[in-house]
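Observations on the model geometry
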Amino acid sequence: MHADFRSIPTDPASTEALARQGLRYELVGDDVARQDALTQAAARGFYGTELEQAGLDERRPAFAERRTIGVWDDSAADPATPIATVDSWTTPLGMPGGGSLESWAISMVTVAPTHRRRGIARALLEGELRAAIANGTPIAVLTVSESTIYGRYGFGPATWSGELVIDTKRSRWVGPVPAGRVHLVPRASVKEFGPPIEQRARRHGSIAPWDGWWDRQLGLRPSEAGSSRDIRAVRYDDEAGEPQGFAVYRVKDAPVDFTKHPVEVIELVAATDDAYAALWRYLLELDLVHEVVAWQRSVDEPVKWMVADARAVLTRSVTDHLWARILDVPRCLQGRTWQRPGRLVLDVADDLGLAGGRFALEVDAAGTARVTSTDEPADVTLGVAALSSLLLGGASPITMAAAGRLAGEPAAVELLHGMAVTPTPPTLGFWF
Ligand SMILES: CC(C)(COP(=O)(O)OP(=O)(O)OC[C@H]1O[C@@H](n2cnc3c(N)ncnc32)[C@H](O)[C@@H]1OP(=O)(O)O)[C@@H](O)C(=O)NCCC(=O)NCCS
């Protein structure tokens, strides 16, 4: 493993592939002008607006925390602005059973419209996967703008999330009424007390938020000072006065009927069941509100059992969210707790030749796995993307077999299903 993942040099194969097109593939380094040009390129790549100086300044700390790469075309009219961008960092990924694995998070993948579909994203992605392996990181993760892009590199969808839409005129509270207290607090204070709560609340499927994430969610970035003043925050303290959860939300305008304000929940983070119930109850009982909407929530939220009218709580737009890519099969399979003991030989195909092979997965009564290479006949045959999808416990091997994503005798597939699927779904609550 490298002392610092940021110092891993750019991948030689990708450097060569891009050089053949006259392109320079380079770490951005410490040069502020290069960093700012890369930030502008990424904003342009996602069809964002050109950033003013405040936006560029806010982005700068990320260059110290991440490994950032640009691709430059010296023959372009504006050769200083990269025509492609990517960044990455290592972060713990929550695994079933409460442990975590180091993951290689990838973000900011953009290729300029003038340079699309000539293999630049492929060079970036393959370069990232090889850099992660050089770092000794067993899995790569990302969130995706389009679900058509990353399967070819061995990524599979591994968490799903939905938009929770709650009609508060119908959602009479019948859930628990915890004995602690909900306090209105200044939103900036969430950055002080929030991180340890978030860490305890984090479930499998989530990576750790980074410093800038808190500023983003709390509306603390100076460039958004005007538009974020409507953000409010509450904290739940248990009976002993210990902070156990918080919610960050905004009450939006009600232009026609003052009794019908919509509420947008930006974050609801609860380390205990009591905190979860108290915070949802607070939001659903706000006066002059008719609808509470929360994005990137789990597909199985307990709040739907906490209201008198179950149809008051809709989970809409359920979609894939975190995508995972196993780079080291034994370490990934050993990195989680399995739901049931059993032994299966898995034959894993990997088109990129990074992680494939035949492995015996042996799980004991405590759910602990031992994984060894084997040449025994396979019980289940699957691609690395399918294995990455089921690693976190949110994908059904039975359904995937029905869809042709994995193959095996029904008994082996059912055993894998019983071993892999977790009682609660893996969840990631934000984009990165
Ligand atoms: C998505 C994007 C990065 C692709 O870049 P690119 O350099 O054009 O991609 P490549 O030429 O390397 O394509 C590699 C493969 O992906 C395919 N591909 C690329 N973009 C695709 C897309 N949007 N949908 C489906 N397939 C796509 C290509 O057809 C090619 O397929 P092949 O392996 O079968 O030959 C680029 O279009 C882009 O910047 N889009 C806007 C920003 C964005 O959505 N970024 C992704 C953030 S998660």
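A quick note: this is a predicted structure, and the numbers were derived from the prediction, not measured.

This part covers the overall build of the chain. Within the chain one finds eleven helices and 19 strands. Taken against the 2.2 N^0.38 rule, which gives 22 Å for 432 residues, the C-alpha radius of gyration of the chain at 23 Å falls within 12% of a compact globule. Oriented by its inertia axes, the alpha-carbon framework of the chain measures out at about 60 × 60 × 40 Å. A buried classification covers 50% of the 432 residues belonging to the chain.

This part takes up the site of the ligand. The full set close to the ligand counts 21 residues, and V109, R117, G119, S145 and E146 are the nearest of them. Between the ligand and the protein, one listed contact pairs an oxygen atom with a backbone N or O atom of G119 at 2.8 Å. The fraction of the free accessible surface of the ligand (900 Å²) that becomes covered by protein chains is 76%. Breaking the shell around the ligand down by element, the ones donating at least two residues are strand 4 (100-111) and helix 4 (120-135). In terms of residue class, the shell around the ligand is built from nine nonpolar, six polar and six charged.

Moving on, we get to the sheet that holds strand 15 (residues 342-349). Pairing within the open sheet is mixed, and its five strands lie in the order 17-16-15-18-19. Strands with a single pairing partner mark the edges of an open sheet, and in this sheet they are strand 17 (369-373) and strand 19 (406-408). Adjacent strand axes in the sheet meet at a mean angle of 25° when their direction is disregarded. One ladder, built from four bridges, connects strand 15 with strand 18 (residues 380-383); its direction is parallel. Directly across from L346, in strand 18, lies its bridge partner V380. Here helix 9 (residues 384-391) sits on the sheet in contact with strand 15, strand 18 and strand 19, set at roughly 100° to strand 18. Docked against the sheet, helix 11 (residues 410-420) engages strand 15, strand 16 (357-363), strand 18 and strand 19, running at close to 100° with respect to strand 15.

Entries for the chain in the domain assignment read domain 1 (5-137), domain 2 (162-320) and domain 3 (328-420). The gap between the C-alpha centroids of domain 2 and domain 3 is 36 Å.

With that out of the way, let us pick up the sheet that holds strand 5 (residues 139-143). Read across the open sheet, the seven strands follow the order 1-2-3-4-5-14-6; overall the sheet is mixed. Pairing within the sheet leaves two strands with one partner each, and these edge strands are strand 1 (23-27) and strand 6 (156-157). Here ten bridges tie strand 3 (residues 84-94) to strand 4, and the two strands are oriented antiparallel to one another. The partner of T91 across the bridge, within strand 4, is S103. The sheet contacts of helix 1 (residues 12-19) involve strand 1 and strand 2 (67-73), and relative to strand 1 the element is tilted by about 150°. Its contacts with the sheet put helix 9 on strand 5, strand 6 and strand 14 (322-326), and the angle it makes with strand 14 is roughly 120°.

Now for the nonpolar core. Membership of the largest hydrophobic core comes to 89 residues, with the highest contact counts inside it found for F155 and F432. The element that contributes the greatest number of residues to this core is helix 4, accounting for seven residues. If sequence neighbours within four positions are ignored, F432 has contacts with W89, A105, I106, S107, V141, L142, T143, I207, W210 and L322.

We describe a pair of aromatic rings using the distance from one ring centre to the other and the angle between the two ring planes. For the coordinates displayed, the defined rule picks out twelve aromatic pairs. Centre to centre, the rings of W89 and F432 are 5.8 Å apart; their planes meet at 80°, and the pair counts as edge-to-face. Here W89 is found in strand 3, whereas its partner F432 is found in the segment after helix 11, with 343 residues between them in sequence. Owing to a relative accessible area of 11%, F432 belongs among the buried residues under this scheme.

If you check helix 7 (residues 273-284), its first and last C-alpha atoms are 16 Å apart, about what twelve residues at 1.5 Å a residue would give, namely 16 Å. A275, Y276, A277, A278, L279, W280, L283 and L284 are the residues of helix 7 that are buried. In the core, the buried residues of helix 7 are packed alongside strand 7 (160-167), strand 8 (181-185), strand 9 (231-237), strand 10 (243-251), strand 11 (261-270) and strand 12 (289-297).

Let's shift gears to the pattern of salt bridges. Once their charged atoms are close, side chains differing in charge can pair, the charge on each being opposite to the other. In total, this model carries 31 salt bridges according to the counting rule given. Among the ionic pairs, E126 bridges to R130, the shortest N-O distance being 3.7 Å. With E126 and R130 both in helix 4, this residue pair falls four residues apart, about one helical turn. You can call R130 partly exposed: its relative accessible area is 28%. K191 is the salt-bridge partner of D215, the closest N and O atoms lying 2.9 Å from each other.

The next subject is helix 5 (residues 190-201). Given 3.6 residues to a turn, an α-helix orients residues that are three or four positions apart in the same direction. Here helix 5 has its buried residues at V190, F193, G194, I197, E198 and A201. Taken end-on, helix 5 shows its buried residues confined to a sector of 135°, consistent with a single buried face. Exposed residues pointing more than 90 degrees away from the buried face of helix 5 are listed as E192 and Q199. Along its buried surface, helix 5 packs onto strand 8, helix 6 (211-218), strand 9, strand 10 and strand 11.

Below, the discussion takes up the pairing of strand 16. Of the strand pairs in this sheet, strand 15 and strand 16 are connected by seven bridges, and their pairing is antiparallel. The residue bridging V348 from the neighbouring strand is G357, located in strand 16. Where strand 16 lies against strand 17, five bridges are found, and the strand directions are antiparallel. Directly across from F359, in strand 17, lies its bridge partner S373. Count of turn residues in the strand 16/strand 17 antiparallel hairpin: five residues, of which G367 carries a positive phi of about 85°.

Here V174 shows up in the loop between strand 7 and strand 8. On the accessibility criterion, V174 (44% relative accessible area) is partly exposed. Note: C-alpha distance between V174 and R202 (28 residues apart in sequence) is 26 Å. V174 has contacts with W305, M306, V307 and A308, leaving out every residue within four places of it along the chain.

About the thresholds
- Residues numbered from 1 in each chain as written.
- Predicted model: local features only at pLDDT ≥ 70, side-chain atom pairs only at ≥ 80, totals over all residues.
- Heavy atoms only, no water.
- Helix = DSSP H or I, 4+ residues; strand = E, 2+ residues; numbered from the N terminus.
- Rg over C-alpha atoms; globule rule 2.2 N^0.38 Å.
- Buried < 20%, exposed > 50% of the residue type's maximum accessible area, 1.4 Å probe, protein only.
- Near = heavy atom within 4 Å.
- Polar contact = N/O pair within 3.5 Å; in protein donor to acceptor, adjacent residues only side chain to side chain.
- Areas by Shrake-Rupley, 256 points an atom, 1.4 Å probe, with all protein chains shown as cover.
- Nonpolar A, V, L, I, M, F, W, Y, C, P; charged D, E, K, R; others polar.
- Pairing = 2+ DSSP bridges.
- Axes fitted to C-alpha atoms, helices over the stretch in contact; angles between N-to-C directions.
- Contact = heavy atoms within 4.5 Å.
- Domains from an automatic or database assignment.
- Core = buried A, V, L, I, M, F, W, Y, C linked by side-chain atoms within 4.5 Å.
- Phe/Tyr/Trp six-rings, centres within 6.5 Å; stacked < 30°, edge-to-face > 60°.
- Expected span 1.5 Å × (residues − 1).
- Salt bridge = Lys/Arg side-chain N within 4 Å of Asp/Glu carboxyl O.
- Arc of directions from axis to C-beta.

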